[in-house]
Amino acid sequence: MYAKNGKHRLWYVLTAVLLCALLICSVGAEEIAVEDVPVIGITEAAPMAAELIGTAAQESASSEAEDVKTVLAHAEGILQAGDFPAAAQTDTGLALQAEEDPYAEVCEVIAAGLRSRREEIEIEDYNVPEKDIGLVYQCAVNRNPELFYVGPSYRYAAFGSKILWLMPSYDETYTAADSAAFEAVCDAIVSHIDPDWTDLQKLLFLHDYIVTHCEYDLTYSNYNAYNALIDRSAVCQGYTLAFIHLARRVGLDADFVASDELVHAWNVVTLEGERFYIDCTWDDPTGDWYEGFCMHDNFMLSRAATVAAGHDSSDWICGTRRCYEDTTSTKYDNAWWRDKHTTIAQIGSVCAYGDDRSEQNVYLRDWASGEEHAIPLPTYALWPLWNDPDSCWSSLYYSFAAKGNAFYFTTPESVWRLDPAGNLTQAHALSAEERGTGYLYGIIEDNGKLYYELGTTPCGTSFCRVELEGSTADHILVHHPAAAPTTETVGNVEYWRCSVCGSCFLDEDCRQPTSADAVILPKLTPPTLTVERTAGRIGCTAEVKITLADNPGIGGAVLRLAYAPELTLKSVSVGDALTGLTFTQPTDLTQNPLELSWEGTGADTANGTVLTLTFALPETMNEGFYAVELSCGENGMYADDSATVIRPIFTDGGITAKKVLRGDADGDGKRGTRDLTFLRRDLAGGFGMGIDLAALDVNGDGKVNVKDVTLVRRFLAGGYGVVLE
């Protein structure tokens, strides 16, 4: 991982040596006599340079780990964390006021790593200085609303002032299934957009959808795009990020605007080379207003008009740049939609809406020609006060939705169907039972169905949502094949997901509904294979155990055993782990490395001792530690018949060879209860047994006594921390 750093450091050292030499020469030039300066020829200089290079390389290799520091940090200004980028943050090396962003490429690299939920993201090649890393991280997250699961805290590793890699934080409450659900809902939303619509029509649709399908979060705890589109409750950051993500999904240029002074965020879009501002949050009335109530007071405004509408502050940040007053157009400041407080439904080049100008008409407008046509209503559309039918509200509460080839809208007691040609028919009249509940105050298309709302007032908590009969849409299913989990990624069972409503099913006939969480299979815990560290007596044999822990269910494995050439492998015997698999006993134990393989028809989940290796320690070997190591190839271990790769954690061990093995009383190169018996008998009088007294003096005090017995007993019992060298 540090190979590049080492090479860079080598050049840094060489450069420093040359600079120091130049500095010495320049500083002392007047005081050093010419005859005192040794003359070095080319042939003499070359060995000196080689020596300097070798020294620099050694110093680089030995001190590199010390020079790399790891820092825990917290990025300010991340929208989905409930923050706002402050104007002061432009005073960095990022040059935010410039048209060109010097860190656009590295932000994309970071975002790609975050999408893969990588634990480490290498950015060494992008030369990000330490002072800018917080803002670079902020930009990577703020520019990509689909990264709603990324937290503001992160770690970074730096070499000097240069960032090597990032270690981001993730909100584990959001799973891969949540990301899939989020994208499925986005798919369903943008599927309503007609490819032939103009960009302006697309922007209007997305504005109206978010306003009518998201409710302002008065708990002030929901900040991200997932909250806005899945939970349907968010504050301004959620509205803003959701709009960005949906707009970019259909190829529109959208970004955020934030003001720390206003504690608010909204959107800026570029249309035909001109910039306009959109604020979905402020066009969504706070409180329990009926569905379909949608204002357009903050849709496609210039900066001046946006300021006049209440966004008056001096610290606007547009994406990662300052916002300039002369970069926006006034083209739509007085557009026809400005006073429309209802959804503007669209089919092809025609849109439908209501207006406070008349209780006798609704309106169709042709986008291409700009012509507006009034459609007379069969009855006046005045909304009476509840329990006072002789009095009416001063405003009109139309609500419009498009489904199929028709518009639907509500008057106080009827749902009407209006086709783009202007033909009007009644789709539903309130029943006597419904009439006792309230009046019609809204209609909305949601997940392929139409719903109307009954209520006693246009703003209150008494609304009752009712599905319009005959408006059910069939599920549009996307098949998700089964994917086995690995130690690095989650898996899933086979399932089908509706791209319209987001529902999940275990069958394609939609008879077995399930949840998005239930189809996810968690990551596998990587198993740990440990090679025991033990001691042995030179001239004898020693046993090394290989143990397995955290077994997720192993279906087969091919491991590579390598050991010091001074050791001689005498035997390999199986233990109590992986006995459900077939172990292939190696026929040639002289091979080093040696291949060890298991295979089976199912997954074995047992932990414990996998193998016991018996090594001979020749008389000719020296005292010291001799390594025994395990490894596996890319596909060396797998979980089950589907061959899901498992990447185990290996802990290496080996044998410490001693001429005298403390506690080995009988000289067989092992320590066990037999040695304890020999030691006790020696203290009792010896019983005429041949005993190695040097081995019995386990504490090395020159005596063999009850202290040695106690140490050997504790060593054999384990858990006392006794080490016999």
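All residue numbers refer to positions counted from 1 along the written sequence of the respective chain. This being a predicted model, a pLDDT of at least 70 is required before a residue's local features are given, and a value of 80 or more before pairs of side-chain atoms are given or counted; all residues contribute to the totals for chains, interfaces and linings. Excluded from the side-chain calculations are hydrogens and water; all other atoms, namely the structure's heavy atoms, are used.

## So, the sheet that holds strand S28 (residues 495-498)
1) Next: We call two strands paired when DSSP finds no fewer than two bridges between them. Only runs of H or I of at least four residues qualify as helices and only runs of E of at least two qualify as strands under DSSP, and these elements are numbered from the N terminus. The strand order S26-S28-S29-S30 describes an open sheet built from four strands, whose pairing is antiparallel. Looking along the sheet, the strands with just one partner apiece sit at the ends: strand S26 (477-480) and strand S30 (513-514).
2) Next: Pairing analysis gives two bridges linking strand S29 (residues 504-505) to S30, with the strands arranged antiparallel. What sits directly across from Cys504, in S30, is Thr514.

## Section: the pattern of salt bridges
1) Next: For this document, the term salt bridge refers to a Lys or Arg side-chain nitrogen within 4 Å of an Asp or Glu carboxyl oxygen. Per the stated rule, a full pass over the model turns up 11 salt bridges.
2) Next: One salt bridge in this structure joins Asp339 and Lys340, with 2.8 Å as the shortest N-O distance.
3) Next: The buried label applies to any residue whose accessible area, calculated with a 1.4 Å probe on protein chains only, is under 20% of its type's maximum; exposed applies above 50%, and partly exposed to all values in between. A residue is classified by how much of its surface remains accessible, and Asp339, at 45% relative accessible area, is partly exposed.
4) Next: Measuring nitrogen to oxygen at the nearest pair gives 3.5 Å for the salt bridge that ties Glu413 to Arg435. Placement of Glu413 in the loop between strand S20 (406-411) and strand S21 (414-418) and of Arg435 in helix H10 (residues 432-435) is noted, with a sequence separation of 22 residues between them.
5) Next: Its relative accessible area of 27% is what places Arg435 among the partly exposed residues.
6) Next: Connected through salt bridges with shared partners, the residues Glu183, Asp187 and Arg249 form a single ionic network.

## Examining the nonpolar core
1) Next: By nonpolar core we mean a set of buried residues, namely Ala, Val, Leu, Ile, Met, Phe, Trp, Tyr and Cys, connected to one another through side-chain atoms within 4.5 Å. Judged by nonpolar contacts, the single largest core of 83 residues is most densely connected at Ile110, Ile123, Leu166, Leu206, Phe243, Met300 and Trp337.
2) Next: One finds Leu581, Trp598, Val628 and Ala639 within the second-largest nonpolar core, a separate group that totals 39 residues.

## Observations regarding the side chain of Thr212
1) Next: Here Thr212 lies in helix H6 (residues 199-213).
2) Next: Assessed through its relative accessible area of 11%, Thr212 is described here as buried.
3) Next: Of the polar contacts made by the side chain of Thr212, one reaches the backbone oxygen of Tyr209; its length is 3.3 Å.
4) Next: Every residue pair with non-hydrogen atoms within 4.5 Å of one another is taken to be in contact. Discounting chain neighbours no more than four positions away, the residues touching Thr212 are Gly292, Cys294, Thr343 and Ile444. Side-chain atoms alone can form a polar contact between residues adjacent in sequence; in general such a contact is a pair of N or O atoms within 3.5 Å, and within protein one must be able to donate a hydrogen while the other accepts it.

From the geometry alone we can't say anything about function, so treat these as descriptive.
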